[in-house]
Amino acid sequence: MPRLLFSLLCLLAMTACASIERIAIPKSNLADPSFQSAGKVAKVDHRAWDKFLKVHTIKDDVGIVRVKYGDVTSAQKQTLKKYLKALSAVDHTKLSKDAQLAYWANLYNAQTVDVILDNYPVESIRKIKDRPLDLGPWEDKRLTVNGKELSLHDIEHGIVRPLWNDEPRIHYILNCAAAGCPNLAQKAYTAQNIQQSLHGAAIAYVNDPRGITVLPNGQIQASKIYSWYKGDFGGSNEAILDHIRKYADADLKAALKNKKRIAKYEYDWSLNDAASAP
């Protein structure tokens with residue numbers, strides 16, 4: 001097969017895969033009008049999740065935060081489930097906006113870890129399927145918040161993205177247990193630290209090869225997060241690059257000067273397992 005034809009077929013295959021992944025992302029419609037309500041309460045007890053993160057996460061040699069899933073005891077798993085149950089009973093409508101964002105991010109991340117622990121060992125979160133055509137566990141209704149059953153997709157696409165639709169940095173604080181994902185925070189989010197966490201997480205991912213890489217030929221390779229959620233980052237390659245430049249360090253910013261095109265998107269779906277650390 002001629003090399004040019006082979007390259008074109010590979011490109012078409014990659015484009016098709018990316019399109020399927022985008023189609024699998026639900027529309028950002030609020031699951032319930034009550035999720036739009038906010039109050040003034042700023043304090044939620046996230047101590048159990050904070051302790052779990054400090055005990056069971058490490059940062060590997062290339063900067064990926066990994067979870068020591070294999071070291072989590074049965075008692076520690078039950079403590080995590082109790083935290084999820086307690087969090088699900090919180091009346092989120094009384095929380096301030098910053099407390100709500102911290103609440104939903106912690107709930108999403110802790111539930112994701114809980115799903116992995118329930119199915120560990122597993123190579124990737126996408127291997128966890130209740131139905132043959134599932135792309136992963138995201139649509140399973142695993143949580144009940146204020147009497148309403150929710151899935152991970154409901155939290156991300158039905159609550160967080162619509163309510164913070166002017167804040168693309170939310171994509172840096174939700175972790176899907178993949179090595180290519182923005183790092184799982186090593187401390188719990190709170191109303192007091194969430195804005196600083198958004199800023200720090202954006203800087204960390206943008207300046208990591210998982211986020212953006214300028215290849216030796218000068219082309220730009222970006223995380224598929226920017227392809228999947230292109231609309232959240234401005235709707236075009238130029239808008240994505242403008243967003244990235246806001247958080248890029250001096251060297252990356254210089255390398256991106258006058259760049260207007262992203263050549264390809266990549267993502268590593270392997271599990272963020274400490275046992276797999278380089």
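Scroll up a little and you will see the structure.
Everything numeric here is computed off the predicted structure, so don't read it as measured data.

Draft legend 1. Region of interest: the nonpolar core. One finds W49, W104, L107, Y226 and Y267 to be the most contacted residues of the largest nonpolar core, which totals 81 residues. Element by element, the count of residues in this core is highest for helix α4 (residues 97-119), at 13 residues. In this structure, Y267 is in contact with C176, A178, G180, C181, Y205, S223, K224, I225 and W228, ignoring residues within four places of it in sequence.

Draft legend 2. Region of interest: the packing of aromatic side chains. If you walk through the whole model with that rule in mind, you get 12 aromatic pairs. A connected cluster of aromatic rings, assembled from ring pairs, spans W138, W228, Y229, Y267 and W269. A cation over a ring is seen here: K97 above W164, with NZ or CZ 4.2 Å from the ring centre.

Draft legend 3. Spatial organisation of the pattern of salt bridges. By the definition in use, this model includes 11 salt bridges. One salt bridge connects D60 with R66, and the closest N-O pair in it is separated by 2.7 Å. Accessibility expressed as a relative area gives 9% for D60, which makes it buried. Note that R245 is salt-bridged to D242, the shortest N-O span being 3.0 Å. On the criterion of helical spacing, the pair formed by R245 and D242 is a turn pair, its members being 3 residues apart in helix α8 (residues 237-247). Judged by relative accessible area, which is 45%, D242 ranks as partly exposed. Here the salt bridges do not stand alone but share partners, grouping K81, D114 and D118 into one network.

Draft legend 4. Layout of unusual backbone geometry. In the segment running from Y120 into P121, the intervening peptide bond is cis, with an omega of 5°. Along the polypeptide, P121 turns up in the loop between α4 and β3 (141-145). One non-glycine residue, A177, lies in the positive phi region at around 65°. When you line up the elements, A177 lands in the loop between α5 (152-163) and α6 (194-206).

Draft legend 5. A look at α6. Look at α6: 18 Å from first C-alpha to last across 13 residues, which is about the 18 Å you get at 1.5 Å a residue. Buried residues in α6 make contact with α4, β5 (212-214), β6 (220-223), α7 (225-228), α8 and α9 (250-255).

Draft legend 6. Expanded view of the pairing of β3. Pairing analysis gives 4 bridges linking β3 to strand β4 (residues 148-151), with the strands arranged antiparallel. Along β4, the bridge assignment pairs K141 with S151. The antiparallel pairing of β3 with β4 creates a hairpin that spans 2 residues between the two strands, and N146 there sits at a positive phi of about 50°.

Rules used in this analysis
- Think of each chain on its own: its residues are numbered from 1, step by step along the sequence as written.
- Local features are withheld for residues below a pLDDT of 70 in this predicted model, meaning they are given only at 70 or higher, and side-chain atom pairs are given and counted only at 80 or more; totals for whole chains, interfaces and linings count all residues.
- Hydrogens and waters are ignored; side-chain quantities use all the structure's heavy atoms.
- Here, nonpolar core means buried Ala, Val, Leu, Ile, Met, Phe, Trp, Tyr and Cys residues that are tied together by side-chain atoms lying within 4.5 Å of each other.
- Type-normalised accessible area, obtained with a 1.4 Å probe on protein chains alone, sets the label of each residue: buried when under 20%, exposed when over 50%, and partly exposed for intermediate values.
- A run of H or I in DSSP counts as a helix once it spans at least four residues, and a run of E counts as a strand once it spans at least two, with each numbered from the N terminus.
- Any two residues having at least one pair of non-hydrogen atoms within 4.5 Å are treated as being in contact.
- Each Phe, Tyr or Trp ring (for Trp, its six-membered ring) is paired with any other whose centre lies within 6.5 Å, and the angle between the two planes then decides the class: stacked below 30 degrees, edge-to-face above 60, tilted in between.
- Charge-over-ring contacts are defined here by two conditions on Lys NZ or Arg CZ: a distance within 6 Å of the ring centre and an angle within 35 degrees of the ring normal.
- The salt bridge criterion pairs a side-chain nitrogen of Lys or Arg with a carboxyl oxygen of Asp or Glu, the two atoms within 4 Å.
- Under the convention used throughout, the expected extent of a helix is 1.5 Å for every residue step, that is, one less than its residue count.
- Note: two strands are recorded as paired if DSSP finds a minimum of 2 bridges between them.

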